[in-house]
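Okay, here's what each chain looks like letter by letter:
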Amino acid sequence: MIKRILGRTGWEISTISFGAIKLPQITQRECDLLLNRALDLGINLVDTADCYGDSEEKIGKALWGRRREFYLATKIDERDGVGVTKKLERSLQRLKTDCIDLVFFHDVRGSEYEKILEKGGVEALEKAKKQGKILKMGISIHHSVPMMMKAVHSNVFSVLMVAYSAIDEDHLTSDILPAAYQQGVGIIAMKPLAGGRLGEGRGWTHRSFKGETPAQVCLRYVLTNSYVTCAIPGMMRQEELDENVQVGKNPRPLTQEETGTLMGWVGEVGKGFCRNCGYCLPCPEKIPISDIFRFEGYYERYGLKTWARDQYLALPVNTEACSLCNQCLSRCPYGVPIPKRLNEIHQLLGLH
């Protein structure tokens, strides 16, 4: 497996690493086989989160005997010191380890960036570092470019996790990724297959890419950017693992012609698909449109139904506040029927 350096951590990370978000959908036995095979094939980073169902427990049971063979990352969705410390202790217990290599503040959005600094979240993880319970601190941000830039220049975070795929708005390439490289902040690409959308293969022509699958070509697209250390596609089947690992063993960059062909296909596949680019914002009713679409993705594609519903119901403003002003429709460059889709998501997540 080809490896790249993860920023100033100095860690050599497999370019294809393991996203554990789908593990709640399989049995412990299946998880044991899958994760051990992943390590055998050269993957050396396993990424999970405290909110991914029983993912942490399954990883702990499957890999406790091989803990020194891989880097372990998890994410915490609390922002204050007490909450962060409590969640960290729970993660350590679930993962059956005394030290987690990398802990992220998970899905930071809105005013939460300031909260993790002011309410003791960062301080709690710094204390944990001194105690040897974690090694490095990171932050995951889905679509706020100004927040990403702030994090990159803060000298607080060693790693930035961003949603980066062939279907996402490529505003990261010109600004965030080069800045992170200059500051020594490692970049991990989450959702490299757009939550599985790009792996479906609708309308795919194999002849264009010498028989490679759409997932493989889209992972090649992500890794063609040298600023990206690794991609962490979510996996739950050995077929997915074997398919993805082939890219990590031979991460051939896409040619300009191949990239053009891929983007043509992505343009068709992505019609009406929310990229979480944020162009629809601000909403005059303060509806967090991008967040709501993301919660739907966790519910539908990753099976995190309870978590997604809880996140939606905890919003101070949800889709019921929509006044049908249609400002978002005029701003969206991808033809997403936003008010209609918001109503559908409310029926999915907001009603019982």
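The rules we used
Residues numbered from 1 in each chain as written. Predicted model: local features only at pLDDT ≥ 70, side-chain atom pairs only at ≥ 80, totals over all residues. Heavy atoms only, no water. Salt bridge = Lys/Arg side-chain N within 4 Å of Asp/Glu carboxyl O. Helix = DSSP H or I, 4+ residues; strand = E, 2+ residues; numbered from the N terminus. Buried < 20%, exposed > 50% of the residue type's maximum accessible area, 1.4 Å probe, protein only. Expected span 1.5 Å × (residues − 1). Arc of directions from axis to C-beta. Contact = heavy atoms within 4.5 Å. Pairing = 2+ DSSP bridges. Right-handed = clockwise from strand over helix to strand, strands pointing away.

Our next topic: the pattern of salt bridges. In this structure the tally under the stated criterion is 28 salt bridges. A salt bridge links E240 to K22; the nearest nitrogen and oxygen atoms lie 3.5 Å apart. Remark: K22 occurs in the loop between β3 (18-19) and α1 (28-40) and E240 occurs in helix α10 (residues 238-249); sequence separation between them is 218 residues. According to the relative accessible area criterion, E240 is buried, its value standing at 13%. Notably, a salt bridge pairs K87 with D50, separated by 3.1 Å at the nearest N-O pair. With K87 in helix α3 (residues 81-94) and D50 in the loop between β4 (45-47) and α2 (55-63), this pair connects stretches of sequence that are 37 residues apart.

Turning our eyes to something else, we now look at α10. In this model, α10 (12 residues) spans 16 Å end to end at C-alpha, consistent with the 16 Å of a helix rising 1.5 Å per residue. Looking only at α10, the buried set comprises E240, L241, N244, V245, V247 and G248. Here the buried residues of α10 occupy an arc of 150° about the axis, which is enough to place them on one side. On its buried face, α10 is in contact with α1 and α9 (214-224).

What follows concerns the pairing of strand β5 (residues 71-76). Extensive coverage of β5 is indicated by the burial of 5 of its 6 residues. With 3 bridges joining them, β4 and β5 adopt parallel strand pairing. Its bridge partner lying in β5, V46 is registered against L72. Following the chain from β4 across α2 to the adjacent parallel β5, one finds a crossover that is right-handed. Tracing the backbone out of β5, into α3 and back to the parallel element strand β6 (residues 100-105) gives a crossover that is right-handed.

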